[in-house]
Amino acid sequence: MAQQVLFINDGTASLHTAYQALISRDVDVHLAHNLKEAESIFSTYKIQVVVFGAINGKANWRQIASHLRDISPSSYRMLMANDLDYQHVHAARQEGLLHKFVVSPVLPNSLLRDIQEGARQASLLHKLIRLKTSIKPDMCTLLTDRNWVIRLANDSICELLGETESNLVGRNLFSNQISQMPVALETELTRQVEAGHSWLGYFSLHAHNGQPCAMWAAISSVSRDYCICVFEAATDHHPGRDYSDWLAMKDQHQQFEQLDSFLASSAGMSCLQVVRFDEQPLQKDDNGFACYKAMVECIGNRQPLFQLANHLFVLPLMATDHRQCPDDHKRSIKQRFQSPLISAGDAITLTPEMRCLPLHEEHQRDPLDTLREMLDSPISRSRALVAQETSEQPAVTSSQQAFNDYRARPVFNKLGGLSGLELLPEYIQDPEVCHLWLENMQHTWQQHIQELPNIFVRLDSINNPVWMAMRQCISQWQQTGQSPLWQLILPWQADMAQLERTSLMLPEGIGLIIEVAGLPGAPLPVLRQLARCDIDGISIAANEINRWRASGDADYSIFQPLLEQGKRIYCHGIESTEALATAHQSSSIWLEGNALSRPIGAQQIHWFASH
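Residues numbered from 1 in each chain as written. Predicted model: local features only at pLDDT ≥ 70, side-chain atom pairs only at ≥ 80, totals over all residues. Heavy atoms only, no water.

A. Quick peek at the sheet that holds strand β9 (residues 212-221). Taken in spatial order, the 5 strands of this open sheet run β7-β6-β10-β9-β8, and their pairing is antiparallel. Across the chains shown, the open sheet's two edge strands, defined by having one partner strand only, are β7 (150-153) and β8 (199-206). Neighbour-to-neighbour, the strand axes of this sheet turn through a mean angle of 30°, independent of strand direction. (Pairing = 2+ DSSP bridges. Helix = DSSP H or I, 4+ residues; strand = E, 2+ residues; numbered from the N terminus. Axes fitted to C-alpha atoms, helices over the stretch in contact; angles between N-to-C directions.)

B. Representation of unusual backbone geometry within the structure. The linkage connecting Ser104 with the following residue, Pro105, adopts the cis geometry, with an omega of 0°. One non-glycine residue, Trp148, lies in the positive phi region at around 65°. By secondary structure assignment, the location of Trp148 is in the loop between β6 (140-145) and β7. Residue class for Trp148 comes out buried when judged on its relative accessible area of 1%. Backbone geometry places Ser587, a non-glycine residue, at a positive phi of 65°. Counting through the fold element by element, Ser587 comes out in the loop between α23 (577-585) and β24 (590-591). According to the relative accessible area criterion, Ser587 is partly exposed, its value standing at 35%. (Buried < 20%, exposed > 50% of the residue type's maximum accessible area, 1.4 Å probe, protein only.)

C. Representation of the pattern of salt bridges. Tallied over the entire structure, the rule returns 11 salt bridges. Note that Asp114 and Lys100 form a salt bridge whose closest N and O atoms lie 4.0 Å from each other. Taken together, the positions of Asp114 in helix α5 (residues 108-134) and Lys100 in strand β5 (residues 100-103) put the pair 14 residues apart, joining distant regions of the chain. We classify Asp114 as buried; its relative accessible area is 19%. (Salt bridge = Lys/Arg side-chain N within 4 Å of Asp/Glu carboxyl O.)

D. Layout of the packing of helix α2 (residues 35-44) against helix α3 (residues 61-71). The N-to-C vectors of α2 and α3 enclose an angle of 25°; their axes lie 11 Å apart at closest approach. In terms of orientation, α2 lies roughly parallel with respect to α3. You can see that α2 and α3 cross each other, and the crossing is right-handed. Mapping the contact onto sequence places Leu35, Glu39 and Phe42 in α2 and Ile64, His67, Leu68 and Ile71 in α3. (Parallel < 35°, antiparallel > 145°, perpendicular 65-115°, else oblique. Left-handed = near helix turned anticlockwise from the far one by under 90°. Contact = heavy atoms within 4.5 Å.)

This is the structure in C-alpha cells:
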C-alpha cells in the first residue's frame, strides 16, 4: 500500500519541485496551499507524512508544526528549509513538534527514503496513540516484560494496591508480594501470549495491607518483548451490598449458579473455604444480613464471597496446598464471632464451623454437590423439625430431581468447544435414571447447541448386565431420529480376536473406544495392533501419556499409526495446564478434565454454547 504524503506549499520553488518529483513515485502525494486546505485533506485521507516549509525563514513554522500535531498527532512531521537556526530546530524536535529536518534542495531519491522511513515511524506512533487512548485513566494497567517482570504501572493500579510505582517496578507479577496466582498459570499465560493469543480470567492481586484484591484480568502481548495487563474489579462477586441488593441476590439457586460460573472461569482457584453457622438463629433475613456484614468485616470487600443460605458462606481461595485453605481468614472469622452478633437489638451468639473443599483432587466428587448436602444437613436441627418440614414440602418427581441434580463430565474438542458429555458411573446402574439423565441433557443441548452431542459411556465389559438395559435405552433414542452420537468405552484386553468380536456385537451407530491403561511393556506394539482393529479410537489419561514419556517408553509419535488409520483419541483426566498441553500434543480430538471444567448439570450447558 502506497504511503500517503501531504505537501503544504509555502510558495517556495524547492518545496514545489520536491512535490513534482514524487508524483511519479510509489507514493500518493497530496498538495495543500494553507492549513485550512491541509485540514480538509487530513479529514479525507490517512496522511502518514506531512512536509512543510518555513515561509521566508521566519519562526512561524513552529506554529504550523504545533497546529499539525493538534489535528493529526500520529503523522510524521518533516520540515524542509535552507536557512534556519539549528538550535530552534533542535528545540522543536525535543518538544515533539518536529520529527525530521531536511535541508533544501534535496535529491528526489533521498527525499523518498526519508518519506518511507517517516511512514514506518508514523505507523509506530499511530499504534502507540491507539494504545494510549484505549487505556482509560481509571483502568488498572501494568506493562511487563516476557518474564513477567513489571516495567510500568499506572496511577490506578498503584492506588488500588496502595503502592508506589517504584515499589512495583522490578517485581515479578507472580511473586508472593504481588499476587496469589499459581505457577501453573504463569506457564499457561506464557504459552498463550507466545502463540499470539490474549488471556482473560480471574486474578488475585495483593494489596499493601495484605488484603487480596479479586480482579478480572485481560493480558496480551504488545510487542515481541512486552505484555500489557489490564485489571478490573470482579464486582459481581464482591461483598459490600446494601440490604435491598442483598435480598435481591439471596436466591439459593442463583448463588449456586454464580459460584459455579465463577469457578469455571477462575483457573487459579484451588480450594473453597466453607463457613457454616447454626441455621436456627439465622432464619430471619435481618439476622442473615447481619451475619453477612460481619463476614465482610472479617475478609474485606475485595475477597469474593458467596452466601448460599443465611447460615452458609463460601470463599473461593488460592493456596499452595489445595487441600489446606490459608489461615488468614480463619483467624479473623473466629475472632469476630467470639463476640455476639447484634441484629435488630438482639444479641446472637454464633460459632462458625469451617471446612476446606479442594477443587482439583483426582476422582473427587463435585464440591457443589458437597455444598448441597451441607445445606440439607444443618448443624443443629431436631429430627422432629426435619420430619415436619419434609411432610409440608411438595413431593419432588424423579424427573425434577434428575434435572436439578444429575451431572456429567463435559468433553471438549481441540478448539475448546463443547463436543459431548460423559455419563458418570453412578447413573449407569439404573436404566430409568440413565434415560431421565439423557432426556434432560439432550433437551437442553438442543436448545443451545446445533451439533449432536457425543455421549460417552464407560463400562468394564460388554457383558455387563447394565449394558443390555442401556442398549434398550439407546435403541429407543435412535428410533426418535434425534439420537446423540454414542461412544462406548471398554478396557483394553490382550486378546485382539475377542476385541474384534466385541466390535461386531455393537449395534450400528455406536462407536467403540478402547481405554488404554496399564499396558504390559512398551505401548507402541499395542497401539499398532489397535490401529489395525475395527475400533473408532482410544481413550487415555493424560498422566498415562506423561508416564510413558518420563519412562522413555514412548513420545508423541506413538499415536501416529492410530491417526493414519483414522482412529480418534480421547484424552481424559486433564487436571493441569501441563496435562492440557500433553493432550494437544498427542493430537487428541476429545478432551476432558477439571482443568477444562468440573462436572456440569443440564442447566450449565448454555455456558459453552457459541453464539
